[in-house]
Amino acid sequence: MLAKNGISLEVFLSEKGKREINEDYLIYHPNKFYAVLDGVGGNGNGEIASKLVGETIKEVFLKSKFITEAIEEAEKKLIAYKRKNPSTERMATTIAIAEILDNGVLVSWAGDSRVYQFRDGKIIFITSDHSWVANAVKKGVLRPVEALSHPRANELTKSIKDSSKPSKLEQVLIEDIQPNDYFLICTDGITESWIDSDLEELFFSLKSSSEIIQELKKSCETFSEDNFTAIIFKIESISRF
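Residues numbered from 1 in each chain as written. Predicted model: local features only at pLDDT ≥ 70, side-chain atom pairs only at ≥ 80, totals over all residues. Heavy atoms only, no water.

**Thoughts on the overall build of the protein**
When helices and strands are tallied, the protein shows 7 helices and 10 strands. The C-alpha atoms of the protein give 17 Å as radius of gyration, which agrees with the globular expectation for 241 residues (18 Å, within 12%). Every one of the 241 residues in the protein was classed for burial, and the buried ones make up 50%. When contacts within the protein are restricted to residue pairs at least 6 apart in sequence, long-range pairs at least 24 apart make up 70% of them. (Helix = DSSP H or I, 4+ residues; strand = E, 2+ residues; numbered from the N terminus. Rg over C-alpha atoms; globule rule 2.2 N^0.38 Å. Buried < 20%, exposed > 50% of the residue type's maximum accessible area, 1.4 Å probe, protein only. Contact = heavy atoms within 4.5 Å.)

**What to know about the layout of surface pockets**
Its volume calculated, the largest pocket comes out at about 820 Å³. Looking at the largest pocket, it is lined by 27 residues, and the ones nearest its centre are Arg114, Asp129, Pro144, Ala147 and Leu148. Residue assignment for the lining of the largest pocket shows that the elements contributing at least two residues are helix H3 (132-138), helix H4 (144-148) and helix H5 (188-191). (1 Å grid on protein atoms, 1.4 Å probe; cavity = no way out; pocket = protein on both sides within 12 Å on 5 of 7 lines; lining within 4 Å. Points joined across faces, edges and corners; volume = space filled by probe spheres on them.)

**Here's the deal with the sheet that holds strand E10 (residues 228-234)**
Read across the sheet, 5 strands follow the order E1-E10-E9-E6-E7 without closing on themselves; strand pairing throughout is antiparallel. In the strand order of this sheet, the two ends are held by strand E1 (11-15) and strand E7 (122-126), each with one partner. On average, adjacent strands in this sheet sit at an angle of 20° to one another, irrespective of strand direction. Sheet topology places strand E6 (residues 114-119) next to strand E9 (residues 182-186); 5 bridges connect them, and they run antiparallel. Each residue of the ladder has a partner; that of Phe118, found in E9, is Tyr182. Packed onto the sheet, helix H6 (residues 196-205) meets E6, E7, E9 and E10 and runs at close to 45° relative to E6. Relative to the sheet, helix H7 (residues 209-223) contacts E1, E9 and E10, its axis offset from that of E10 by approximately 165°. (Pairing = 2+ DSSP bridges. Axes fitted to C-alpha atoms, helices over the stretch in contact; angles between N-to-C directions.)

**Topic: the pattern of salt bridges**
Where charged atoms of side chains with opposite charge meet at close range, the side chains can pair. Scanning the entire structure with this criterion turns up 11 salt bridges. With its nearest N and O atoms 3.6 Å apart, the salt bridge here joins Glu15 to Lys217. Here Glu15, found in strand E1, pairs with Lys217, found in helix H7; they are 202 residues apart in sequence, far enough to count as distant. The partly exposed category is assigned to Glu15, whose relative accessible area is 27%. As a salt-bridge pair, Arg114 and Asp196 come within 3.9 Å of each other at their nearest N and O atoms. One end of the pair, Arg114, is in strand E6; the other, Asp196, is in helix H6, and 82 residues separate them in sequence. One continuous salt-bridge network, built from bridges that share partners, spans Arg114, Asp129 and Asp196. (Salt bridge = Lys/Arg side-chain N within 4 Å of Asp/Glu carboxyl O.)

Structure below.
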């Protein structure tokens, strides 16, 4: 099982980049969970959605054993806010969250924010985006390189909207965990600037989370047109019984 305090010091960043406001949000509780959210909806409503959902999840999840309960409560708060503020009806948010359990890391997500697991510089797990272009790539309609600049690249097929449209998060329990594995949780502002092969080279060449996140930031400041948010943590120890 994952040892108590088996996670190294976490590092994170959340920047507005070239946008006027930052609609990304991040939440975490050391050795328990780490999550990023990316709000959508226009006119600054994405900023409201990601923060409202993120803070609700953090508050509820720390009292609950299940992420599903936290999501349900967040969806209730979203619809209550929308009813009081009709102009925010379209607001929603993505989420990608990694929960630290005794028997592994439970990854849950909706939208195109991602969780990666790296071992010796290689990606051994990555979430699949809930987006129009991701589906088109799977069907062979688009090539991966075409998806990056496609006009529908930001069109999501799943997100957290409100309790009238409840979202069932996709989940994977990662039980194959080893010391020195890295986890990266990030919004699409990161993946806009970093393809998977470049991420693998980055995680292979640099040995500290702090160095890695500084390189992520440097590239995103140049190449990303979106907000960019990331959390990195490293598995330090595993207890075997």
